[in-house]
Amino acid sequence: MYRDNTLIPSEAVRLLALGILAGRPMSYGQLAKEVRHFTGRIVGPSLDLVGAPLEVLKVEGLVAQVDPAAKGEDAVLTVTELGRSEMLRLLASNVRPQVSDINKLIIALKMRFLHFLDVGDQRVQAELLHDISERELARLTDLRGHHGEEDGYLPAWLDLEIAQTQARHDWIGRLRDRLV
């Protein structure tokens, strides 16, 4: 992790793989396909997300083969208790306030796997995301105030960004409030 307790790209891929397997066991080949599909749809093709092979998860004891005799990409994997602990640790990470492809991926991962946390920890994560969206909204509003009278398309684009951020902030607030 970075010093601010945010995930590096390879940890985001690790969280994704562990979360998928926490939902249901699947073959190595299917897991690789699922990881590529999800990351590709959230951030597009990215060299940052070509992390260590999923095989490393087996070496580290985070996943195990259901049938130790099975070979190759058809071997069905499941998450271990150590892997579940690692998934929960990664899921509890911080998120940087700037909107970036990696942050979008990390937030999407939190939304996809938040249900694996107990309700109290889900609320903590929702609070974190709400605070981040609030800071992002303040940053954009300040920028809009500073550049609002300029010619060009920046003011209109900032209005769009502010509206989207406000909608996300409101949605996360409603989610947080449901998590009692």
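See the structure above.
On to the overall build of the protein. Secondary structure summary: the protein contains seven helices and three strands in total. For the protein, the α and β elements follow one another from N to C terminus as α-β-α-α-β-β-α-α-α-α. Sorting the 180 residues of the protein into buried and exposed places 42% on the buried side. The long-range fraction of contacts in the protein, counting pairs at least 24 apart against all pairs at least 6 apart in sequence, stands at 64%. If you sum the accessible surface of the protein, you get close to 10100 Å²; carbon and sulfur atoms cover 55% of it. The centroid of the 22 positive side-chain charges in the protein is displaced by 5 Å from the centroid of its 26 negative side-chain charges.

Attention now goes to the environment of M26. Positionally, M26 belongs in strand β1 (residues 26–27). Sequence spacing of M26 and R84 is 58 residues, and the spatial spacing of their C-alpha atoms is 15 Å. In contact with M26, other than residues within four places in its own chain, are I20, L21, L31, E34, A75, V76 and L77.

Let us now look at a nonpolar patch on the surface. Taken together, L154, W157 and L160 make up a surface patch of nonpolar side chains, about 270 Å² in accessible area. With respect to the helices and strands, L160 occurs in helix α7 (residues 154–178).

Once that is clear, we can look at the pattern of salt bridges. On inspection of all chains with the given rule, the structure shows 10 salt bridges. Its salt-bridge partner being E60, residue R14 comes within 2.6 Å of it at the nearest N-O pair. Of this pair, R14 sits in helix α1 (residues 9–23) while E60 is found in the loop between α3 (55–59) and β2 (63–65), placing the two residues 46 residues apart along the sequence. Where R139 meets E136, a salt bridge forms, and the shortest distance between an N and an O atom there is 2.5 Å. In this pair, R139 and E136 both sit in helix α6 (residues 119–147), three residues apart, roughly one turn of the helix. Exposure remark for E136: the relative accessible area of 5% places this residue in the buried category. Shared partners join several salt bridges into a network, and the residues in it are R14, E60, E86 and R89.

Moving on, we come to the packing of aromatic side chains. Evaluated as defined, the whole model comprises one aromatic pair. Relative to F116, the ring of F113 has its centre 6.0 Å away and its plane inclined at 25°; by these criteria the two rings are stacked. Residue classification places F113 among the buried positions, given a relative accessible area of 2%. The cationic tip of R112 hangs over the ring face of F38; the distance from NZ or CZ to the ring centre is 4.8 Å.

This part covers the packing of α1 against helix α4 (residues 81–91). Axes are the key here: two packed helices are described by the angle between their axes and the distance separating the axes. Viewed as axis vectors pointing N to C, α1 and α4 meet at an angle of 130°, and their least axial separation amounts to 9 Å. Between α1 and α4, the angle is such that the two are oblique. When the axes of α1 and α4 are compared, the crossing they make is left-handed. In this structure, α1 contributes E11, R14, L15, L18, G19 and A22 to the contact, and α4 contributes G83, R84, E86, M87, R89, L90 and L91. Partitioning the contact of α1 with α4 into residue classes produces six nonpolar, two polar and five charged.

To continue, consider the sheet that holds strand β3 (residues 76–79). Spatial strand order, β1-β3-β2: three strands in an open sheet with antiparallel pairing. Each of the sheet's edge strands pairs with one partner strand only, and the pair in question is β1 and β2. Across the face of the sheet, α1 comes into contact with β1, β2 and β3 while running at roughly 100° to β3.

Criteria and cut-off values
Every chain begins its residue count from 1, and numbering advances along the sequence as written. The model is predicted, so local features are restricted to residues of pLDDT at least 70 and side-chain atom pairs to those at 80 or more, both for listing and for counting; the totals for chains, interfaces and linings are taken over all residues. Only hydrogens and water are removed before side-chain values are computed, so all heavy atoms of the structure are retained for them. Only DSSP runs of H or I covering at least 4 residues are called helices, and only runs of E covering at least 2 are called strands; the numbering of each starts at the N terminus. The cut-offs for exposure are 20% and 50% of the maximum accessible area for each residue type, with area from a 1.4 Å probe on protein chains only; residues under the lower value are buried, those over the upper are exposed, and the others partly exposed. Any pair of residues with heavy atoms lying within 4.5 Å of one another is described as a contacting pair. Surface accessibility follows the Shrake-Rupley procedure with a 1.4 Å probe radius. Residue values consider only the protein chains on display as shielding. Working convention for charge: Lys and Arg count positive, Asp and Glu count negative, and His plus the chain ends are omitted. The atom standing in for a charge is NZ when the residue is Lys, CZ when it is Arg, CG when it is Asp and CD when it is Glu. Residues enter patches when their relative accessible area tops 30% and they take part in no salt bridge; the joining distance is 9 Å for like charges and 5 Å for the nonpolar side chains Val, Leu, Ile, Met, Phe, Trp and Tyr. By definition here, a salt bridge exists when the distance from a side-chain nitrogen of Lys or Arg to a carboxyl oxygen of Asp or Glu is within 4 Å. Only centres within 6.5 Å qualify two rings of Phe, Tyr or Trp (six-membered ring in Trp) as a pair; their planes then separate them into stacked at under 30 degrees, edge-to-face at over 60, and tilted for everything else. We call a charge positioned over a ring when the NZ of a Lys or the CZ of an Arg lies within 6 Å of the ring centre and within 35 degrees of the ring normal. Between N-to-C directions, angles cover 0 to 180 degrees, with each direction set by a line fitted to C-alpha atoms, over the stretch in contact for helices. Here the word oblique covers every angle except those under 35 degrees (roughly parallel), over 145 (roughly antiparallel) and from 65 to 115 (roughly perpendicular). In this scheme, a crossing is called left-handed if the near helix is turned counterclockwise away from the far one by less than a right angle; it is called right-handed if the turn is clockwise. By the convention adopted, Pro, Cys, Tyr, Trp, Phe, Met, Ile, Leu, Val and Ala count as nonpolar, Lys, Arg, Asp and Glu as charged, and the other residues, Gly among them, as polar. Following DSSP output, two strands are said to pair if at least two bridges run between them.

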